[in-house]
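Here are the chains, one letter per residue:
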Amino acid sequence: MNIRDKVLLVEDERTIRSFMQAILTANGYDVLMAGTGAMANTMIASHCPDIIILDLGLPDMDGMTILRNVRKWSKVPILVVSARSHERDKVEALDAGADIIIMVHPDYQYTPLLIPAMASMIGSGLYHCVLGSRILGGRALAGGMPLYKYISNRFLTLVENGFLGIKLSEYHTGYRAFSRELLESLDLSCNSDDFIFDNEMLVQIAWSGAIIAEVSCPTRYFPEASSINFRRSAVYGFGCLHAALRYRLARWNLLPWKKLPPERRGLMKGARSSETP
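Residues numbered from 1 in each chain as written. Predicted model: local features only at pLDDT ≥ 70, side-chain atom pairs only at ≥ 80, totals over all residues. Heavy atoms only, no water.

Undergrad: What is the right way to read the environment of G137 from this model?
TA: Mapping G137 onto the fold places it in the loop between β6 (129-133) and α6 (147-164). Relative accessible area serves as the criterion here: at 64%, G137 is assigned to the exposed category. Between the C-alpha atoms of G137 and N153, which are 16 residues apart in sequence, the distance is 15 Å. (Helix = DSSP H or I, 4+ residues; strand = E, 2+ residues; numbered from the N terminus. Buried < 20%, exposed > 50% of the residue type's maximum accessible area, 1.4 Å probe, protein only.)

Undergrad: Help me out: how do you make sense of the nonpolar core in this one?
TA: Nonpolar side chains tend toward joint burial in soluble globular proteins. Counting residues in hydrophobic clusters, the biggest one holds 51 residues, and the most contacted among them are I52, L54 and I205. Per-element accounting of this core gives the leading share, 7 residues, to helix α8 (residues 196-208). In this structure I205 touches C129, F178, L182, L186, A210 and I212, once residues within four positions along its chain are discounted. Grouped together as the second largest cluster of nonpolar side chains are 25 residues, L79, Y110, I122 and A177 included. (Core = buried A, V, L, I, M, F, W, Y, C linked by side-chain atoms within 4.5 Å. Contact = heavy atoms within 4.5 Å.)

Undergrad: Looking at this model, I keep getting lost on the pattern of salt bridges. Mind explaining?
TA: Opposite charge on two side chains permits pairing when their charged atoms draw close. As enumerated under the stated definition, the model contains 5 salt bridges in all. R134 is paired through a salt bridge with E170; the nearest N and O atoms lie 2.7 Å apart. Residue R134 is located in the loop between β6 and α6, and its partner E170 is located in the loop between α6 and β7 (175-179); the two are separated by 36 residues in the primary sequence. Each member of the pair, R134 as well as E170, carries the same accessibility label: buried. (Salt bridge = Lys/Arg side-chain N within 4 Å of Asp/Glu carboxyl O.)

Undergrad: In this structure, what is going on with α8? I would like to understand it.
TA: Residues that lie three or four places apart on an α-helix share one face, since the helix turns once every 3.6 residues. For α8, with 13 residues, the first-to-last C-alpha span of 19 Å sits near the 18 Å given by 1.5 Å per residue. Among the 13 residues of α8, 13 are classified as buried, and the element is accordingly described as predominantly covered. Taken from the residues just after α8, G209 is the one with a positive phi, measuring 90°. (Expected span 1.5 Å × (residues − 1).)

Undergrad: What's the story with unusual backbone geometry in this structure? I'm lost.
TA: Phi angles above zero are rare outside glycine, and C48 is one such case at about 45°. Note that C48 resides in the loop between α2 (37-47) and β3 (51-55). On the accessibility criterion, C48 (46% relative accessible area) is partly exposed.

Undergrad: Would you mind showing me how to read the side chain of K259 here?
TA: Inspection of the secondary structure puts K259 in the segment after α9 (230-251). Under the relative-accessibility criterion, K259 is labelled buried at 13%. Within polar-contact distance, the side chain of K259 engages the side chain of E200 at 2.7 Å. Those residues in contact with K259 that sit more than four places away from it in its chain are C190, N191, S192, E200 and Q204. (Polar contact = N/O pair within 3.5 Å; in protein donor to acceptor, adjacent residues only side chain to side chain.)

Undergrad: What am I meant to see in the pairing of strand β1 (residues 6-10) here?
TA: Both faces of the sheet carry side chains from a regular strand, because those side chains alternate between them. Within β1, 4 of the 5 residues are buried, leaving the element largely enclosed by the surrounding structure. The pairing of β1 with strand β2 (residues 30-34) spans 5 bridges and is parallel. Paired with V10 across the bridge in β2 is A34. The parallel pair β1 and β2 is bridged by helix α1 (residues 14-26), and the resulting crossover is right-handed. (Pairing = 2+ DSSP bridges. Right-handed = clockwise from strand over helix to strand, strands pointing away.)

Undergrad: What should I look at first to understand the packing of aromatic side chains in this one?
TA: The geometry of an aromatic ring pair is captured by the separation of the ring centres together with the interplanar angle, meaning the angle of the planes. What the rule picks out here adds up to 2 aromatic pairs. Seen from their ring centres, W207 and Y247 are 5.6 Å apart, and the 85° between their planes marks the pair as edge-to-face. Linking W207 in helix α8 with Y247 in helix α9, this pair joins segments that are 40 residues apart in sequence. Y247 carries the same exposure label as W207, and that label is buried. Above the face of the W207 ring, R265 is positioned so that its terminal group lies 5.4 Å from the ring centre. (Phe/Tyr/Trp six-rings, centres within 6.5 Å; stacked < 30°, edge-to-face > 60°. Lys NZ or Arg CZ within 6 Å of the ring centre and 35° of its normal.)

Structure follows, in structure tokens:
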């Protein structure tokens, strides 16, 4: 008799629960589901799942509370999924005991169906960072991405690949997965509190020598989806160029940058194969 791993999926949105249940079941897992924090606490104690997938935004309690409670008595792997993108939220999740953190920007442009795939790429030990790319597959414009954003995305990515010496299809996705080990190796406290934070983080990951993997992610733009305006997009674009330039200058030992300290250069070396000499 085959004994299958039990996954507890803690998610309050029924549609997302159903989609993820179908994917996990198809991949050989027994799936338990909880839509509230109270239900999750009960099922964790009674069923002892092998893996927990935890959304932090629950209706009756903060997912961080569940995370801290579980870590008092169990080392079960916990995958945190959240629309919270601030640096302090990542740090708090790590401090509470998360093993894998997946950040999804709260603009409803990204499908949750890739969460199991991205998590498995991290959990397998193959990668420390996985991005959901809107560019891979060539469907960004068909999904409604404005032409000026598409052109800006391609231009910035071309420049950033040149300065950072790696080959990504895009740097500007709001769908990202990180290993605990990687986040603990980065100093995020000096990064911006604005949209450029995520880009500065990727520059730091490149500096650390870790591989950044990508999966193709369908996306959709619609009027109700949140998105930054043209002015803030321009500020973000110049911030990306500045970060890429500072990386290259630091790499050449011409101008140090506090966000890229020498002692952290290549700290995750051996996890990246796409770097150019």
